[in-house]
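A structural walkthrough
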Amino acid sequence: MTDDLVSLARSHGIETRYTSETGDDRSLSETALRSLLTVMGIDPDTAQAGHFESARHVPELACVAPQGHPAWGVTCQLYALRSSRTFGLGDFEDLGRLAEIAGRAGAAFLGVNPLHALFFANPGHYSPYSPSTRRFLNPFYIAVDALPGGAAAMAELAAEDPSLFDGLDGDLIDYPRAGRARAAVLRRIFDRGEAVDQPALSAFRKRHADAIENFALFEALSMHFAAAGGSAGWHGWPEPFRHPEHDAVRAFAAEHASDILFHIWLQQTAETQLRAVQKRALDAGMSIGLYLDFAVGVSPDGAETWADSDVTMPDARVGSPPDMFNAAGQDWGLAPLSPEALAKRNYMPLAQAYDALMKNAGAVRIDHVMGLARLWWIARGHDARDGGYVRYPLGDMVDVVARASRANGCIVIGEDLGTVPAGFRPVMQAANILSYRVLYFEKREWEGFIAPAQYPAGSLACISTHDLATLAGWWAASDIALRAEAGRQDAESTRRDRAERDNDRHALLHALRLDGLLPDDFAGPLDNRSALPDALPLELALAIHRFAARTRSLLFAVQLDDMVMALRQPNLPGTTDAYPNWRIRGEVPLEALEDHPIFKAMAAAMREERPRHT
């Protein structure tokens, strides 16, 4: 590998060397450098040097900072919410009811998985972190029974096809079946006309202009081709329909105006219901309200890339480098944004997506916030081991977030887990982007778990996330067992991880003792290093939550699963069919949640540790 190749790569924003999560210095291979330059449209042998270093890398703006005293909130997976009125999966009415329950319990915010639009034509594409676009919402979350004519539409369809609503109440979500039923009900409601507010719909179309028209056209095309046995994503469409400006697309739009209007109505309805949830949250006493999630990227064959194919890199995917958990790295299958195209568009694609999310939220979480500075690109034909970090102008990227934050009065949290670039966190701190601190990871070798006083104030703390074990699962090492059962690790790795987990459990007990929170029953096992119970007792779970709530972090998030001591985690990274990712429904229905003894005990502990100030 020549020095000229290295210099060329650096001049175009490719990091030729990086520091791994273990602190090791690693260099990209020649294969990686050549493949990344090629997907950027740069000839590795003949191209001129780029000008990346002349871009703006220092932010000028800062996001809205949290106000008031430290607060706590609840986080949930919307699809998992269960109630007597819901069919198939949770919806915006369930979210509104949970907001009211959590607000009465003393919570300041309610966090939820990404609500971005997926593929209406393919409900089987259900990962919330692989959206079709981040600008619009998933219409499957619309509460159909809250719409005029909703009950009548459901009754009509049930009479016509009694099997349509069968099999929707299981403990695992059947997305294809649930999506088919919800799509049929929504279309029947639209066709009946009672729920269509023409003035509101016209105002919505005017406000979103070409963006909603193009999205709705994509959705109509997607439905058309999927119904014929084709692909919901545009990569599988006939060639003329892969281009929005083609005459065939214009002809389709003219012939399917009603279908396009249906998808516009879906978005207007979803936004109206989400806005109503935020109002219900604030009316219930929450100071922040909804805490929404912004995915790191979009599906390469979705609406966003179809409408503006130049804004993403068609021959690259986003992932992560090899690390101690994934020796081969990870390929997330998402399309990276083009730094050059973003700059030419004055970052409007990102600005519009941020604004769309923040206008109905009091806080947002940016998944993999390091993407503001760099993303691990993987060129077509290569795996994650031959990928590399491609940088973005950090100053411009942060200022886009900050402008949306200030315009909407929205707090921003950056999920900064994994490999974090040197100097990145101080920049985030200066921009009022809160760090994301997970209890499981907040420990130091030979020292154990750090004390609550050592957490940074500018952060959101939590015990776990959707990708990790619930607290009850962590204590029981169920996540280690799941990885072994799924073939994600061998017997030796499993033994090592179990031993490490046992050490971590004792270390956490020691941390509780130092903070005066260790239950009496655990003093002996801690002193004698004797066996601990396999199942997590409620008394200990409460003590651990109190410990995390005492951190200096301005915000503390409690998973709804942990508030009822659920064992199963929402997602097991690195698996597909081996684990029911994003399909597990909540164990406690909303009607029983407020009086559930564990929920009540958890909420009472949080109110004591982080009381609401009026």
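Identification of the protein as 4-alpha-glucanotransferase from Aureimonas altamirensis is taken from an unreviewed UniProt entry. In its Catalytic activity (unreviewed entry) section, the UniProt record describing the protein reads: "Transfers a segment of a (1->4)-alpha-D-glucan to a new position in an acceptor, which may be glucose or a (1->4)-alpha-D-glucan." On record in UniProt, under Sequence similarities (unreviewed entry), the comment for the protein is "Belongs to the disproportionating enzyme family."

1. Describing the packing of helix α3 (residues 92–104) against helix α8 (residues 257–283)
The geometry of α3 relative to α8 is characterised by a closest axis approach of 8 Å and an angle of 10 degrees between their N-to-C directions. With respect to α8, the element α3 is oriented roughly parallel. On the side of α3, the interface is formed by Phe-92, Glu-93, Leu-95, Gly-96, Arg-97, Ala-99 and Glu-100, while α8 contributes Ala-270, Gln-273, Leu-274, Val-277, Arg-280 and Ala-281.

2. Brief notes about the sheet that holds strand β18 (residues 555–559)
Spatial ordering of the closed barrel is given by β3-β4-β7-β10-β13-β14-β17-β18, a layout of 8 strands whose pairing is parallel. Taking each pair of neighbouring strands and ignoring which way they run, the sheet shows an average axis angle of 30 degrees.

3. Quick look at the pattern of salt bridges
Summed over all chains, the structure comprises 55 salt bridges. For Arg-56, the salt bridge is made with Asp-399, and the minimal N-O distance between the two is 2.8 Å. Highlighted residues: Arg-56 in the loop between α2 (30–39) and β3 (71–76) and Asp-399 in helix α12 (residues 394–408), separated in sequence by 343 residues. On the basis of relative accessible area, Arg-56 is assigned to the partly exposed category, the value being 27%. In this structure, Glu-609 and Arg-550 form a salt bridge, with 2.9 Å as the shortest nitrogen-oxygen distance. Of this pair, Glu-609 sits in helix α21 (residues 597–609) while Arg-550 is found in the loop between α18 (538–549) and β18, placing the two residues 59 residues apart along the sequence. Each of Arg-85, Asp-91, Asp-94, Asp-145 and Arg-182 takes part in salt bridges that share partners, so that together they form one network.

4. Focus: the nonpolar core
Side chains of a nonpolar character, in soluble globular proteins, are inclined to be buried together. Counting 202 residues, the largest nonpolar core has Trp-72, Leu-95, Trp-265, Tyr-354, Leu-372 and Trp-377 as the members making the most contacts within it. Top element by residues in this core is helix α6 (residues 198–227). It accounts for 10 residues. Each of two domains, domain 1 (60–76 + 282–609) and domain 2 (82–280), supplies a minimum of three residues to this core. If we skip the residues at most four places from it in the chain, Tyr-354 touches Phe-294, Ile-366, Leu-372, Val-400, Val-401 and Ala-404.

5. As for the sheet that holds strand β12 (residues 388–391)
Pairing is antiparallel across the open sheet formed by 4 strands, whose spatial order is β9-β8-β11-β12. Single-partner strands in this sheet number two, and they are β9 (330–334) and β12. Going from strand to strand, the sheet's axes swing by 50 degrees on average, the running direction of each strand aside. Here strand β8 (residues 316–320) runs beside β9; their pairing, made up of 3 bridges, is antiparallel. If you follow Gly-319 over to β9, its bridge partner there is Asp-331. Taken strand by strand, α2 contacts β8, β11 (374–379) and β12, and its axis lies near 95 degrees from that of β11.

6. Overview of the side chain of Thr-419
Here Thr-419 lies in the loop between β13 (411–414) and α13 (424–430). Each residue touching Thr-419, except ones within four places of it in the same chain, is listed here: Thr-19, Ser-20, Glu-21, Met-370, Arg-374 and Tyr-389.

7. Re the side chain of Gln-278
In this fold, Gln-278 is placed in helix α8. A distance of 2.7 Å separates a polar side-chain atom of Gln-278 from the backbone nitrogen of Leu-290. Excluding residues that lie within four positions of it along the chain, Gln-278 makes contacts with Ile-288, Gly-289, Leu-290, Asn-360, Ala-361 and Gly-362.

Here is what the cut-offs are and how they apply
- Residues numbered from 1 in each chain as written.
- Predicted model: local features only at pLDDT ≥ 70, side-chain atom pairs only at ≥ 80, totals over all residues.
- Heavy atoms only, no water.
- UniProt positions renumbered as here; feature names shortened; annotations may be inferred.
- Axes fitted to C-alpha atoms, helices over the stretch in contact; angles between N-to-C directions.
- Helix = DSSP H or I, 4+ residues; strand = E, 2+ residues; numbered from the N terminus.
- Parallel < 35°, antiparallel > 145°, perpendicular 65-115°, else oblique.
- Contact = heavy atoms within 4.5 Å.
- Pairing = 2+ DSSP bridges.
- Salt bridge = Lys/Arg side-chain N within 4 Å of Asp/Glu carboxyl O.
- Buried < 20%, exposed > 50% of the residue type's maximum accessible area, 1.4 Å probe, protein only.
- Core = buried A, V, L, I, M, F, W, Y, C linked by side-chain atoms within 4.5 Å.
- Domains from an automatic or database assignment.
- Polar contact = N/O pair within 3.5 Å; in protein donor to acceptor, adjacent residues only side chain to side chain.

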